[in-house]
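# Report on the structure
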Amino acid sequence: MTTNTNTKQTVLVTSATGKTGRRVAELLAARGVTVRAGSRSGTTRFDWEDVSTWAPALRGADAAYVSYYPDLAAPGAVEAMRTLGELAVANGVRRLTLLSGRGEPEAVHAEEALRESGAELTVVRASFFAQNFTEGAMAEGVAEGTIAFPGGDTAEPFIHADDLAEVIVETLDGDGHAGVVHEVTGPRLLTFAEVAAEVSRASGREVTYVPMSEDEYTSLLQRFGLPEPDAQWLSALFSMLLDGHNASVTDGVKRVLGREPRDFTDFAAEAWS
């Protein structure tokens, strides 16, 4: 692990109020990096739905963390990445780190579109976040004692968002990562039923996993206010990601940080102690 200490960098962090963006911004600031926290309503305005906000946020930055909303596999992501890359290079940004989804074929097309810009690109492909159970849409269900999701019996190597953020920061402020794809996961596989058991033990209250079909989950998302096309797309994405092809762990965190990733048991103890 090496740190770039030659000059003080300015780094744009997109989606800076999100799970990873907030953590990345905090860690960069702790390293003495000048952080531009890009968000729809912050001092540095950056809105993925308003391309006019991109160039002003990029201008003069040395590097940028790219966390695309809603997902790199979403319709329009390829075009967005191509435009962002062109604007980044035109505005002097030399280094980009892109958060991507592990095992998402459509996301790879978006990665390639950003790579075409010619900037130094590092891609970090991550597994499901452990923090999805505390900070995301599932958190409310977990608080009520239920994890309802179309995961079946498939196992997933959930990654701690702090580990992911540390990897991302190293790619932005360290050396040797240009052109590299890092695939990062947690240290072991857990099914959603096993996650529910871990949360139950840590919290001292029963949390149950309720498997759902793709159609059932689409209906659930619609009841929470998501438009039908978006709900169908998201349900199909989760079903594809949890068909078993991602049921393996990698050594990505250790290769970048020189240590093992945090285990889900430790995460649960922190979150529900």
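Scroll up a little and you will see the structure.
Now for a look at the structure at hand. Treat the numbers as computed from the prediction; the structure is a model and nothing was measured. (Residues numbered from 1 in each chain as written. Predicted model: local features only at pLDDT ≥ 70, side-chain atom pairs only at ≥ 80, totals over all residues. Heavy atoms only, no water.)

### Remarks on helix 4 (residues 105-115)
Turn by turn, an α-helix covers 3.6 residues, leaving residues three or four places apart pointing in a common direction. Turning to helix 4, its buried residues are Ala 107, Ala 110, Glu 111, Ala 113 and Leu 114. One side of helix 4 holds all its buried residues, which, seen down the axis, span an arc of 160°. Those residues of helix 4 hidden inside the fold are in contact with helix 3 (77-90), strand 5 (95-101) and strand 6 (120-126). (Buried < 20%, exposed > 50% of the residue type's maximum accessible area, 1.4 Å probe, protein only. Helix = DSSP H or I, 4+ residues; strand = E, 2+ residues; numbered from the N terminus. Arc of directions from axis to C-beta. Contact = heavy atoms within 4.5 Å.)

### Let's talk about the nonpolar core
Residues Phe 133, Ile 147, Phe 149, Phe 158, Phe 192, Val 195 and Phe 264 are the most contacted members of the largest nonpolar core, which totals 29 residues. Listed by contribution, the elements that provide at least two residues to this core are strand 7 (146-149), helix 7 (192-203), helix 8 (214-223), helix 9 (228-241) and helix 11 (264-272). Of all hydrophobic cores here, the second largest spans 26 residues; its members include Leu 58, Ala 61, Leu 96 and Leu 121. (Core = buried A, V, L, I, M, F, W, Y, C linked by side-chain atoms within 4.5 Å.)

### Overview of the environment of Ala 61
Note on placement: Ala 61 falls in the loop between helix 2 (54-58) and strand 4 (63-66). Ala 61 sits 126 residues away from Pro 187 along the chain, and the two C-alpha atoms are 34 Å apart.

### A few points about helix 3
Taking 1.5 Å per residue, 14 residues should reach 20 Å; helix 3 reaches 20 Å between its end C-alpha atoms and fits that length. When helix 3 is considered as a whole, its buried residues turn out to be Ala 77, Ala 80, Met 81, Leu 84, Gly 85 and Ala 88. Down the axis, helix 3 shows its buried residues gathered within 130° of arc, on one side only. In helix 3, the exposed residues that point more than 90 degrees away from the buried face are Glu 86 and Ala 90. Buried-residue contacts for helix 3 involve helix 2, strand 4, strand 5 and helix 4. At the C-terminal side of helix 3, Gly 92 shows a positive phi close to 85°. (Expected span 1.5 Å × (residues − 1).)

### Digging into the packing of aromatic side chains
Applying the stated criterion across every chain yields a total of 20 aromatic pairs. Between Phe 128 and Phe 238, the aromatic rings sit 5.9 Å apart at their centres with planes inclined by 45°, giving tilted as the arrangement. One end of the pair, Phe 128, is in the loop between strand 6 and helix 5 (139-143); the other, Phe 238, is in helix 9, and 110 residues separate them in sequence. Following the ring pairs from residue to residue traces out a cluster consisting of Phe 128, Phe 133, Phe 149, Phe 158, Phe 192, Tyr 209, Tyr 217, Phe 238, Phe 264, Phe 267 and Trp 272. (Phe/Tyr/Trp six-rings, centres within 6.5 Å; stacked < 30°, edge-to-face > 60°.)

### Focus: the side chain of Gln 131
Examined against the element boundaries, Gln 131 turns out to sit in the loop between strand 6 and helix 5. Look at Gln 131 and you get buried, because its relative accessible area is 2%. A polar contact is formed between the side chain of Gln 131 and the backbone nitrogen of Ala 161, at a distance of 2.8 Å. In contact with Gln 131, other than residues within four places in its own chain, are Lys 19, Arg 23, Gly 136, Ile 159, His 160, Ala 161 and Phe 267. (Polar contact = N/O pair within 3.5 Å; in protein donor to acceptor, adjacent residues only side chain to side chain.)

### Points about the pattern of salt bridges
For the structure on display, the rule yields 21 salt bridges. A salt bridge links Glu 198 to Arg 188; the shortest N-O distance between them is 2.7 Å. Of this pair, Glu 198 sits in helix 7 while Arg 188 sits in the loop between strand 9 (181-184) and strand 10 (190-191), and the two are ten residues apart along the sequence. On the accessibility criterion, Glu 198 (8% relative accessible area) is buried. When salt bridges with common partners are traced through the structure, they connect Arg 22, Arg 23, Glu 135 and Asp 162 into a single cluster. (Salt bridge = Lys/Arg side-chain N within 4 Å of Asp/Glu carboxyl O.)

### Digging into the sheet that holds strand 5
Across the sheet, seven strands lie side by side as 3-2-1-4-5-6-9; this open sheet has parallel pairing. Either end of the sheet is taken by a strand with one partner, and the two such strands are strand 3 (44-45) and strand 9. Inspection of the sheet shows strand 5 paired to strand 6 by seven bridges, in the parallel sense. Looking at strand 6, one finds that Leu 98 is bridged to Val 123. Docked against the sheet, helix 1 (residues 19-30) engages strand 1 (10-13), strand 2 (34-39), strand 4 and strand 5, running at close to 165° with respect to strand 1. The sheet contacts of helix 6 (residues 161-173) involve strand 1, strand 4, strand 5, strand 6 and strand 9, and relative to strand 5 the element is tilted by about 155°. (Pairing = 2+ DSSP bridges. Axes fitted to C-alpha atoms, helices over the stretch in contact; angles between N-to-C directions.)

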